[in-house]
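Understanding the architecture of this molecule
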Amino acid sequence: SQNGQQQPQTLQTIVVTGSHIRRVDLETDNPVVAVTAQQIQATGALTLGDVIQRLPVITGGLQNPSINNAGGSGSTLVGLRGLGFSRTLILVDGERINNKDLNTIPTVAVERVEVLTSGASAIYGSDAIGGVINFILKSNYQGAQFTANYGISDHDDGARRGGSFMFGQTSDKGSILAGVSYNKFDSILQANRPFAASVQTVTTSGGHLIYPIVAATSYNLRDTVYVGDALNAQFGCSTPGQTLSLNQDVFNSGKSPTGPGDYHCLTAADAYNFAAVNYIYTPNERTNAFLKGVYHLSDNVDFYATLYHNKTSSSAQLAPAVFGVPTTGVLTVSKDNYYNPFHVDFSPSGADLHLRMLPIGPRVFSNGNTTDQLMTGFRGNVNLFGQNWQWDVGYNYGHTSTINAAINFPNQTAILQGIANPSMLDPATGQVVCVSQAGNLNTIIDGCTPWDPFNLNSPSAKAVLGSASSAAPGLVDTWTIQRVYHAGISGGLFDLPAGTTQLAAGVAYQKLYTNNVVGQSLLLDPTTASCQLGSACSAHLQGGYTVKEAYAELYLPLLKDLPFINGLNLTLSDRFSKYSDFGSTNNWKVGLEWRPIQDLLLRGTVASVFRAPTIGNIFGAPVSSAPFLGHDPCDGITAANPACVGVPTDGSFVNNAEQFRSDGSKNPQAQQLSALTSGSQAAGFPLGPEQGKSFDFGVVYSPHFVPGLSASVDFWRIYLNDTITPGVGVQTVLDQCFAGVLTYCPLITRAQSGVNAGQLIKVIQPTANLGRFDVKGVDLAANYRLPQFSFGQFNIGLQATYMQQVKINSAPGSTTPAYSVAGVMGWFGSDLANVCPSAGGMCFYPRVRGQVSVDWQLGPWSAGWRMQGTSPFEMYGAPDAQKDVENLWRYGTYIYNDLNVGYNIEPINTMVQVGINNVFDKQPPFLGGFRSLNSNTDPEDFDTIGRYYWARVTVKF
């Protein structure tokens, strides 16, 4: 056919996601949510991630371009059932791919998306715990198509542009489909949205939320110091632990050196609003090229190949770098430094000095990603046992390369020498020089340039910092390679009265390998938990493993055309997997379909599921992180404990970095800790797979007396034991050691003396099998294609997920209780960070997440209205204050409305579409800066851009 339409086909057997058996039935024992190419186009989205992340079955932690802090890769990673993206398998045309980023898959080439919402480890192996998302590419395409897209927000920012060209040819010798696409998204700064323009915290009073505008950071606009409460008293500071800040006029003048009189007690007016320079939407640009072809070598043998290439450039931007003690653990200033007005040593065991490197400018994390995927092989038909069988022998190759660059980070090696050593004025030259002995000009240190760390606006500081940050950016080049060799066969075994018994079986051999090259400036020193650039440190990762697998699936049609048994079918599946790194695992699945009458399908599946450790889980070297701490168990101790080495035992100790005091109140001086996340090998923790069970029982009703109507309800539950926790939470490490699990104690380092005695200097967060994850809920779906009216054809759709339970026991036997978090927004500093893949452990598990659509068609006109939203939810002020109403924050229902209108100009084969997303400009919930590292809200689940207009033109040839 012409104009890019697909060739008409007769009804034939197909493979539905969740099974290797070829069947005529579209509805089986597997619950599958389908998204068509037409539905994707109606959203106006340029990337598949923007479409799939909206589905109600997607919940919990995910990643998208709205995540700036701990994001910026331009990728969208989604997870089913709130289990995280590591427990959701992504397929293209039924085959495993190397890069799980949905945005690397060419949108224009996708015919439909099938989302399997039950565990399928017996069918596909590791990762298929929450389910499977299978992107099925177009085939038998005839014609050519060109598209052009443009979008802009109601704030006149965040522009996006894109275009694609695709062509296809089909003949009796085979078919070919090829094309290219390009899209670009402009950045948006948090300063451009009122709810995110400043760092805010949230308090409660009488059960009501209060949002004071307070920039909350210990690294403020100007240098801040703490040298003990005695000095504080001289400045009239009555609050213990209150720091001093450099006077604004002194900073403006660039005065150097400063004196004690140039400081005052820190107030809210001294705070630095680091939010304004952060992105609320990260810039990203991508190019896709794809090819899919089939060549008929004979009547019974085909050669096939699918290849796609993606190149993505993106970046994140954060406030200028911070530098100081005790949290970074590297800055030292000699008491005999010429510029030191306090004449005391600043170090992890001495006084505190916090610097915000404003002269250097914002930190930028640039990301370049290249993905190549090739799926090729031979397939055909053969007659066995008088039955038709299909066979497939193939090779699947994936290569992903990522280059990360850290820009505007000062080289600490270059700047430390100038402040750590004594320095003095040389009367002969009038220059300040470094000396190895205080006051002795005969000990000048060559190559050492003194500078003033107590006023970063001074000439000496700006010169040294500018030079130290102008060198080449810190680079990390990482590549991952996947090779899969597979062979499979499926067909009929013998006929039964109810149908043909069918078997699918196969084998696979998989090799995975990862390696990276870390630039010297970013190479982590595990002893200091730092690197030359101070943060964004990385470490060498190299490792791999192999997997040998064999699977079989048996379909048994048991009964048919009996009273109350229109059909009864049983499916049995099993998969054996042998991993070179941890050993073997066997997973099975039992599925049952029962049709009491033709209109009604009762279905159920029970399956064992597993997830193998990744290469990073096992071989990952220690890398720096900056987590928050909820509450230090060593606060106020009066007896020695192995978790509290160095902590005074007089009951006076309070951790300065924790977010919540023992009474549940917020600590305004909370700081991010210096920590190292590590793979299991480096931390000495043995690591095995996660293992659990998946249950699904559902009903599908399609009444013949209401043509066009279909509805389904599915009850599901998934539980996992021995969950793989990358970077076990700092809270868990402390709690486990404090409770007597001594294997965790060597991971904790505290200051042993001085004014910071007992404060945490470094915590190693290992990767370990730790805890249990248990989720259950209900899915509801309905679709009704109304009869044709004179005023058009209407179609109404509904999808919703009710999350009955999300129960997380992050560390069995610890002092930390299990969390039941359905309907609750996650918090920082708690063990939710162990299971939420997003920054800082922010996870949202709404009780109800739903989507309603109304589509209309009349001649060349089409239109659609979509509503999606979440039910009311709660957030607790602190994990140990869950029953305290003063710490319970409630939020209402959030509903977004999208509108699209299209007109098909038939004489020139051109479709014009326009749309508005978030029609009523619904603003996201305000969570506060301490609840989210991004934009005072949750950018994973709520729209942070606001009302958005888009247009698309599609021309077919």
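Details of the structure are given in the entry above.
For the structure given in this document, a descriptive report is provided here. As the structure is a computational prediction, the values presented were derived from the model and not from experiment.

Describing the overall build of the protein
A count of helices and strands for the protein gives ten helices and 51 strands. When burial is assessed residue by residue, the protein has 57% of its 957 residues classed as buried. Considering only contacts in the protein between residues 6 or more positions apart, those separated by 24 or more positions represent 70%.

Details of the state of the cysteines
Under the definition given, this model contains five disulfides. The disulfide partner of cysteine 434 is cysteine 448, and the S-S distance across this bridge is 2.0 Å. One disulfide, between cysteine 434 and cysteine 448, carries an S-S torsion of -60° and so falls in the left-handed class. Pair noted here: cysteine 434 is in strand E25 (residues 431-434) and cysteine 448 is in the loop between E25 and helix H7 (459-469), with a separation of 14 residues, a long-range link. Residue pairing for cysteine 737: its cysteine sulfur links by disulfide to cysteine 745, the two sulfurs lying 2.1 Å apart. When the S-S torsion is 105°, as for the bridge of cysteine 737 with cysteine 745, the disulfide is right-handed. Cysteine 745 shares its class with cysteine 737; the two are buried.

Overview of the pattern of salt bridges
In total, this model carries 20 salt bridges according to the counting rule given. For arginine 87, the salt bridge identified is with glutamate 690, shortest N-O distance 2.7 Å. Of the two residues, arginine 87 is situated in the loop between helix H2 (48-52) and strand E4 (88-92) and glutamate 690 in strand E34 (residues 690-701); the sequence distance between them amounts to 603 residues. Residue arginine 603 pairs with aspartate 714 through a salt bridge whose shortest N-O separation is 2.8 Å. Taken as a pair, arginine 603 in strand E31 (residues 600-611) and aspartate 714 in strand E35 (residues 709-721) lie far apart in primary sequence, 111 residues in all. Aspartate 714 shares its class with arginine 603; the two are buried.

Concerning the packing of aromatic side chains
Within the structure shown, the criterion is met by 27 aromatic pairs. Each ring, one from tyrosine 579 and one from phenylalanine 582, has its centre 4.8 Å from the other, and the planes form 20°; the classification is stacked. Judged by its relative accessible area of 6%, tyrosine 579 is buried. Overall, phenylalanine 582 belongs to the partly exposed group, its relative accessible area being 22%. Ring-pair connections join several aromatic residues into one group, and the members of that group are Phe844, Phe873, Tyr891, Tyr894 and Phe942. Lying across the ring of tryptophan 716, arginine 81 places its NZ or CZ 4.0 Å from the centre. Its guanidinium or amino end placed over the ring of tyrosine 894, lysine 922 lies 4.7 Å from that ring's centre, counting from NZ or CZ.

So, the side chain of asparagine 587
Positionally, asparagine 587 belongs in strand E30 (residues 583-597). You can call asparagine 587 buried: its relative accessible area is 2%. Side chain to side chain, asparagine 587 and threonine 585 meet in a polar contact 3.3 Å long. Every residue in contact with asparagine 587, bar those within four places of it in the chain, is listed here: Ser121, Ala122, Ser573, Asp574, Arg575, Ser608, Val609 and Phe610.

So, helix H6 (residues 412-420)
Along H6, the residues classified as buried are Gln412, Ile415, Leu416, Gly418 and Ile419. Along the long axis of H6, the arc covered by the buried residues comes to 165°, so they all point the same way.

Considering H7
Among the residues of H7, those classed as buried are Ser460, Ala461, Val464, Leu465, Ala468 and Ser469. Buried residues in H7, looked at end-on, bunch into an arc of 135°, giving them a common side. H7 presents Pro459, Ala463 and Ser467 as exposed residues on the side facing more than 90 degrees away from its buried surface. Packing partners of the buried residues in H7 comprise H6.

Side note on the sheet that holds strand E7 (residues 131-137)
Taking strand neighbours across the sheet as the criterion, the five strands line up as E3-E6-E7-E4-E5 in an open arrangement whose pairing is mixed. Only two strands of the sheet have a single partner each, and these edge strands are strand E3 (32-36) and strand E5 (95-96).

A closer look at a nonpolar patch on the surface
Together, Phe146, Phe165, Phe167, Val180 and Phe957 make up an exposed nonpolar region whose accessible area comes to about 470 Å². Tracing the backbone shows phenylalanine 165 in strand E9 (residues 160-171).

Considering the sheet that holds strand E38 (residues 760-765)
With mixed pairing, the four strands of this open sheet are ordered in space as E32-E33-E38-E37. Either end of the sheet is taken by a strand with one partner, and the two such strands are strand E32 (623-625) and strand E37 (748-750). Going across the sheet, the axis of each strand differs from the next one's by a mean of 20°, ignoring polarity. Relative to E38, E37 runs antiparallel, the two being bridged by three bridges.

Focus: unusual backbone geometry
Here the bond from serine 256 into proline 257 is cis, since omega is 0°, no more than 30 degrees from zero. For proline 257, the location among the structural elements is in the loop between helix H5 (248-253) and strand E16 (263-265). If you check the backbone angles, phenylalanine 564 has positive phi at about 65° while not being a glycine. Locating phenylalanine 564 in the fold gives a position in the loop between strand E28 (542-562) and strand E29 (565-579). For asparagine 909, which is not glycine, the phi dihedral falls at a positive 50°. As for its placement among the helices and strands, asparagine 909 is situated in the loop between strand E49 (894-905) and strand E50 (910-917).

Considerations on the side chain of asparagine 149
Take asparagine 149: it is sitting in strand E8 (residues 143-153). Residue classification places asparagine 149 among the buried residues on the basis of a relative accessible area of 13%. Within the structure, the side chain of asparagine 149 is placed 2.6 Å from the side chain of arginine 952, a separation counted as a polar contact. Not counting residues up to four positions away in its chain, the partners in contact with asparagine 149 are Leu46, Arg160, Arg161, Gly162, Gly163, Ala951 and Arg952.

Some thoughts on the nonpolar core
Counting 32 residues, the largest nonpolar core has Ile52, Ile58, Ile105, Val113, Ile133 and Phe135 as the members making the most contacts within it. Contributing elements (two or more residues each) for this core: E3, H2, E4, strand E6 (110-116) and E7. Each residue touching phenylalanine 135, except ones within four places of it in the same chain, is listed here: Leu48, Ile52, Ile90, Leu91, Val92, Asp93, Leu102, Ile105, Arg112 and Val113. If you look at the next biggest cluster of nonpolar residues, it comprises 30 residues, including Val250, Ala351, Leu353 and Leu456.

Observations regarding the environment of asparagine 192
Summarising the element assignment, asparagine 192 is placed in the loop between strand E11 (188-189) and strand E12 (203-205). Judged by relative accessible area, which is 37%, asparagine 192 ranks as partly exposed. When the C-alpha atoms of asparagine 192 and isoleucine 945 are compared, they prove to be 9.6 Å apart, with 753 residues separating the residues in sequence. Discounting residues that sit within four places of it in the chain, asparagine 192 has contacts with His155 and Asp157.

Comments concerning the pairing of strand E40 (residues 772-785)
As paired strands, E35 and E40 are joined by 13 bridges and run antiparallel to one another. Its bridge partner being in E40, tryptophan 716 is matched across the sheet by glycine 777. Bridge count between E40 and strand E41 (residues 793-809): 14 bridges; the pairing is antiparallel. From the neighbouring strand, leucine 780 faces E41, where its bridge partner is alanine 800.

A closer look at the environment of proline 872
Following the sequence through the fold, proline 872 ends up in the loop between strand E46 (861-870) and strand E47 (873-876). The class of proline 872 is partly exposed, set by a relative accessible area of 47%. In this structure, the C-alpha to C-alpha distance between proline 872 and valine 824, residues 48 residues apart in sequence, is 9.1 Å. Beyond its immediate stretch of four places on either side in the chain, proline 872 contacts Tyr891, Gly892 and Thr893.

Rules behind the numbers
Think of each chain on its own: its residues are numbered from 1, step by step along the sequence as written. It should be noted that, the model being predicted, local features are given only for residues of pLDDT at least 70 and side-chain atom pairs only at 80 or more, the latter also being counted only at that level, while totals for whole chains, interfaces and linings use all residues. Just so you know, side-chain values use all the structure's heavy atoms and leave hydrogens and water out. In this text, helices come from DSSP runs of H or I with a minimum length of four residues, and strands from runs of E with a minimum of two, each type numbered from the N-terminal end. With a 1.4 Å probe rolled over the protein chains alone, any residue whose accessible area is under 20% of its type maximum counts as buried; one over 50% counts as exposed, and the rest are partly exposed. Contacts are assigned to residue pairs with any non-hydrogen atoms lying within 4.5 Å of each other. Cysteine sulfur atoms are paired as a disulfide whenever they come within 2.5 Å of each other. Basic side-chain nitrogens of Lys or Arg form a salt bridge, by our definition, when they fall within 4 Å of a carboxyl oxygen of Asp or Glu. Each pair of aromatic rings taken from Phe, Tyr and Trp, with Trp reduced to its six-membered ring, is defined by centres within 6.5 Å and is described as stacked if the planes are under 30 degrees apart, edge-to-face if over 60, and tilted in the remaining cases. Criterion for a charge above a ring: Arg CZ or Lys NZ at most 6 Å from the ring centre, at most 35 degrees from the ring normal. Each polar contact in these results corresponds to two N or O atoms within 3.5 Å; when the atoms are within protein, one needs to be able to donate a hydrogen and the other to accept it, and residues that are neighboring in sequence are counted only if both atoms are side-chain atoms. Each direction from the helix axis to a C-beta atom contributes to the arc, which is the arc of those directions. When DSSP locates at least two bridges between a pair of strands, those strands are taken to pair. Residues forming no salt bridge and having over 30% relative accessible area are the ones grouped into patches, like charges within 9 Å of each other and nonpolar side chains (Val, Leu, Ile, Met, Phe, Trp, Tyr) within 5 Å. The protein chains shown are the only cover counted for residues, whose accessible areas, like all others here, come from Shrake-Rupley with a 1.4 Å probe. Only the stretch in contact is used when a helix axis is fitted, and all axes are lines through C-alpha atoms; the angle between N-to-C directions ranges over 0 to 180 degrees. The definition of a nonpolar core used throughout is a set of buried Ala, Val, Leu, Ile, Met, Phe, Trp, Tyr and Cys residues joined through side-chain atoms within 4.5 Å.

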